[in-house]
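# Descriptive analysis of the structure
What follows is each chain in one-letter form.
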Amino acid sequence: MGVCREWRLRAVPRGVLAADDLALADVALPQPAAGEVRLRVLRLPMDPAIRMTLASRGGNYGAGVAVGSAVRGLVLGRVEASRSPALAVGDIVSGFGSWSEQIVGDAARFAPVSVRADLPLSIHTHVLGTSGLAALHGLADVGAVRSGDSVLVSAAAGGVGSLACQFARLLGASRVVGIAGGAEKCRIAVERYGCDACIDHRAAPDLEAALRAALPEGVDLGFENVGGAPLQAALALLRPGARIALCGMIAEYDAAEPAPGPANLWNLIVQRARIEGFRVAPLLADRPRVDALLERIEGWLRAGTLQYDIDERDGFEAVPQAFAALSNGGHRGRLVVRVAD
Ligand SMILES: NC(=O)c1ccc[n+]([C@@H]2O[C@H](COP(=O)([O-])OP(=O)(O)OC[C@H]3O[C@@H](n4cnc5c(N)ncnc54)[C@H](OP(=O)(O)O)[C@@H]3O)[C@@H](O)[C@H]2O)c1
């Protein structure tokens, strides 16, 4: 029986996750039982919504993490022992696990990943993983993006947002405007991720007015990653028949209480518009749809039409600081912790 380390919740965070909200603990690894595998965790993608599972308030999807328990999240790992016919030693897999160096669990929780040897491994958490799936599923399936649409993307320089900006253009949007924090991120959103304009939410005293100037024709499709002020501004700019694909609400994840709702939901009625939330986790069970989405994304990638950035932080110990960077905007593109190679 081996031993490894895992990150456990030590105290319910108040605000942005602090290093001492988590504690490293040694865990004994049992031998895999029938149907189980043992994984070596290679990459831990830092997914903002994990913060909601650490919150004490309700309204969560899935059970929250109890104090003293391991934090849960998506993992990319290598099978090191298998008692399942579905997975072999050496397979690279992804699925929902915990912030641990090794995991023993039901093989059915993990799906094999067909590794592209010419690309960084972390691409399977980003362009060819959940960020890419969230961006394309949100735009195409939920937001029903159409040729000629004006599209607004919040957190436009982040993992999902940077791809949503580019996918929107590839799917025929005629104007793509981003919202990001800081002049440098806005520059990248325009020069690298193909936005026509990007509004710095930290520098715009009136976000709605700044967006109205950048999108004088209004918004046909809002790809919402943030909630709060960006969502309210998007609602104000809706055109008739517009859609908002609600991917995330990171502005709320660190708050002790949910923020008051947007003051202008009425505009959905005026414009006969709709807002629809979605999640990638249940989509992963629909293998044919996932494969079709990934095939389309890989086509764009291989054609050289996609720019992507992966911000990799080295070492399992880096997890708390890396996760906090999601809230303070101290990263670019997809944020991933490299646990092992
Ligand atoms: N529905 C799903 O299945 C699904 C799947 C994946 C991700 N998501 C959601 O998609 C969103 C983006 O996720 P990601 O992994 O790609 O993260 P990310 O965009 O790479 O990182 C989060 C970014 O959000 C911005 N931000 C953080 N706090 C903010 C605040 N209070 N106000 C305004 N902006 C703030 C920061 O960007 P700036 O520095 O530019 O402000 C930060 O870099 C998250 O809401 C996440 O929960 C949903």
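In the vicinity of the ligand lie 31 residues, with Gly-158, Gly-159, Gly-181, Gly-248 and Gly-329 positioned nearest. Secondary structure elements with two or more residues in the shell around the ligand: α2 (130-142), α3 (159-170), α7 (250-253) and α11 (319-328). Two domains each donate at least three residues to the shell around the ligand, and these are domain 1 (2-124 + 309-338) and domain 2 (130-281).

Tracing the chain through its elements places Asp-196 in the loop between α4 (183-191) and β10 (197-200). Spatially, the C-alpha atom of Asp-196 lies 5.7 Å from that of Val-177, the residues being 19 residues apart in sequence.

Turn by turn, an α-helix covers 3.6 residues, leaving residues three or four places apart pointing in a common direction. Counted at 1.5 Å a residue, the expected span for α2 with its 13 residues is 18 Å, but the 16 Å between its end C-alpha atoms falls short. Within α2, eleven of the 13 residues are buried, which leaves it mostly tucked inside the rest of the structure. Of the residues making up α2, those classed as buried are Thr-130, Ser-131, Gly-132, Leu-133, Ala-134, Ala-135, Leu-136, His-137, Gly-138, Leu-139 and Val-142. Just past α2, the residue Ala-144 takes up positive phi, approximately 45°.

Right, let's talk about the environment of Arg-175 for a bit. Inspection of the secondary structure puts Arg-175 in strand β9 (residues 175-180). Residues Arg-175 and Arg-313 lie 138 residues apart in sequence; the distance between their C-alpha atoms is 34 Å. Dropping the residues within four chain positions of it, Arg-175 is found in contact with Ser-150, Asp-196 and Leu-215.

Moving on, we come to the domain arrangement of the protein. The assigned domain composition of the protein is domain 1 (2-124 + 309-338) and domain 2 (130-281). One C-alpha centre belongs to domain 1, the other to domain 2, and the line joining them spans 28 Å. Counting from both sides, the interface comprises 16 residues of domain 1 and, opposite them, 15 residues of domain 2. Put simply, the parts of the chain that give the side of domain 1 that touches domain 2 at least two residues each are α1 (50-53) and β15 (334-338). Broken down by class, the residue content of the side of domain 1 that touches domain 2 amounts to six nonpolar, four polar and six charged.

On to the pairing of β9, then. Buried residues dominate β9, accounting for six of its six residues. On β9, burial covers both faces: Arg-175, Val-177 and Ile-179 on one face and Val-176, Gly-178 and Ala-180 on the other are all buried. In this structure, strand β8 (residues 150-153) lies alongside β9, joined through four bridges in parallel fashion. Note on β9: the bridge partner recorded for Val-153 is Gly-178. Considered for its hand, the β-α-β crossover made up of β8, α3 and β9 is right-handed. In this structure, β9 lies alongside β10, joined through four bridges in parallel fashion. Within the sheet, the bridge partner assigned to Gly-178 lies in β10 and is Cys-198. This β-α-β element, β9 to α4 to β10, shows right-handed connectivity.

Conventions used here
Residues numbered from 1 in each chain as written. Predicted model: local features only at pLDDT ≥ 70, side-chain atom pairs only at ≥ 80, totals over all residues. Near = placed C-beta within 6 Å. Helix = DSSP H or I, 4+ residues; strand = E, 2+ residues; numbered from the N terminus. Domains from an automatic or database assignment. Expected span 1.5 Å × (residues − 1). Buried ≥ 20, exposed ≤ 12 C-beta atoms within 10 Å, placed from the backbone. Contact = placed C-beta atoms within 7 Å. Nonpolar A, V, L, I, M, F, W, Y, C, P; charged D, E, K, R; others polar. Pairing = 2+ DSSP bridges. Right-handed = clockwise from strand over helix to strand, strands pointing away.

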